[in-house]
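Secondary and tertiary structure notes
These are the residues of each chain, in order.
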Amino acid sequence: FDARRDTALIMLLLDTGARRDELMSRTLVNALRSALREFYPGAVAALGAHLAEPEALAVLKLAPTPEQGRGLTRSAVRRALVDAGRRRNLQARVVAVHDALVAPQLAAPELVWAAYREVVAALVATLCCLNEQVAALERQLAARFAAHRDAAIIRSQPGLGVVLGARVLAEFGD
């Protein structure tokens, strides 16, 4: 066990995660929101500000265009939300998302919709991939943090979970 090496690895994992968060929140999510506002404002209304979250991505995989959104059933929305991890307030969320997606949307020529469908699909796929990579980084971070000799002490502090505890360890050192 080398505490300095593990602390350095924890710092690297935290830094990598922070850079991913910045990239996602500023670039890809803004591009997705912009594309949706142009031709599918109901999706923005339905999914809110959390377009990089698994819930939003699951719905957008099913319905990347207004036409596909209008074709979704409540049971399909429910399945997507449950598969993405939604447990609380499920029925209310299903109704809100479904109603926003089936509402009248902007009209556009098929060629425009096809282009936006490809843009949305590409951005959704990229965000899904980044979410998977972040989950892998978080697992590595949790394993490294748990193996650190001071992890139990740090975790005993109220409010310090794995990520925040690892950040505290990385900032203050051994």
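To start, this report covers the structure provided alongside it.

Thresholds, definitions, all that
Every chain is numbered independently, its residues counted from 1 as its sequence is written. Where totals are concerned, whole chains, interfaces and linings use all residues; where local detail is concerned, this predicted model gives features only for residues with pLDDT of at least 70, and gives and counts side-chain atom pairs only at 80 or more. Derived side-chain values reflect all non-hydrogen atoms in the structure, with water molecules and hydrogen atoms excluded from consideration. Relative accessible area decides the class of each residue, using a 1.4 Å probe on protein chains only: under 20% of the type maximum gives buried, over 50% gives exposed, and in between gives partly exposed. Strands here are runs of E lasting at least two residues and helices are runs of H or I lasting at least four, both read from the DSSP assignment and numbered beginning at the N terminus. By arc we mean the arc of the directions from the helix axis to the C-beta atoms, nothing more. Each nonpolar core is a collection of buried residues, namely Ala, Val, Leu, Ile, Met, Phe, Trp, Tyr and Cys, held together in the definition by side-chain atoms within 4.5 Å. For helices, the fitted axis covers only the stretch in contact; all axes are lines through C-alpha atoms, and the angles between them, taken along N-to-C directions, range from 0 to 180 degrees. For any helix crossing, the convention is left-handed if the near helix is rotated counterclockwise from the far helix by under a right angle, and right-handed if that rotation is clockwise. Here a residue-residue contact requires only that any non-hydrogen atoms of the pair lie within 4.5 Å. Classification used: nonpolar for Ala, Val, Leu, Ile, Met, Phe, Trp, Tyr, Cys and Pro, charged for Asp, Glu, Lys and Arg, polar for all others including Gly.

Remarks on helix 9 (residues 162-172)
Note on helix geometry: an α-helix contains 3.6 residues per turn, so any two residues three or four positions apart are oriented the same way. Along helix 9, the residues that are buried comprise G165, A166, L169 and A170. Along the long axis of helix 9, the arc covered by the buried residues comes to 135°, so they all point the same way. Away from its buried face, by an angle of more than 90 degrees, helix 9 presents the exposed residues E171 and F172.

A few points about the nonpolar core
With 36 residues, the main nonpolar core has L32, L36, L47 and L101 as its most contacted residues. Only helix 1 (3-39), helix 2 (41-47), helix 3 (54-62), helix 5 (74-83), helix 6 (90-102) and helix 7 (110-147) provide two or more residues apiece to this core. Per-element accounting of this core gives the leading share, seven residues, to helix 7. Listed in part, the seven residues of the second largest apolar core include L141, I154, L160 and A166.

Regarding the packing of helix 3 against helix 7
Relative orientation of the contacting elements helix 3 and helix 7 amounts to 145°, with a least axis distance of 10 Å. The two elements helix 3 and helix 7 cross, and the hand of that crossing is left-handed. Here P54, L57, L60 and K61 of helix 3 come into contact with helix 7, specifically with V124, L127, C128 and N131. Here the residues of the contact of helix 3 with helix 7 sort into six nonpolar, one polar and one charged.

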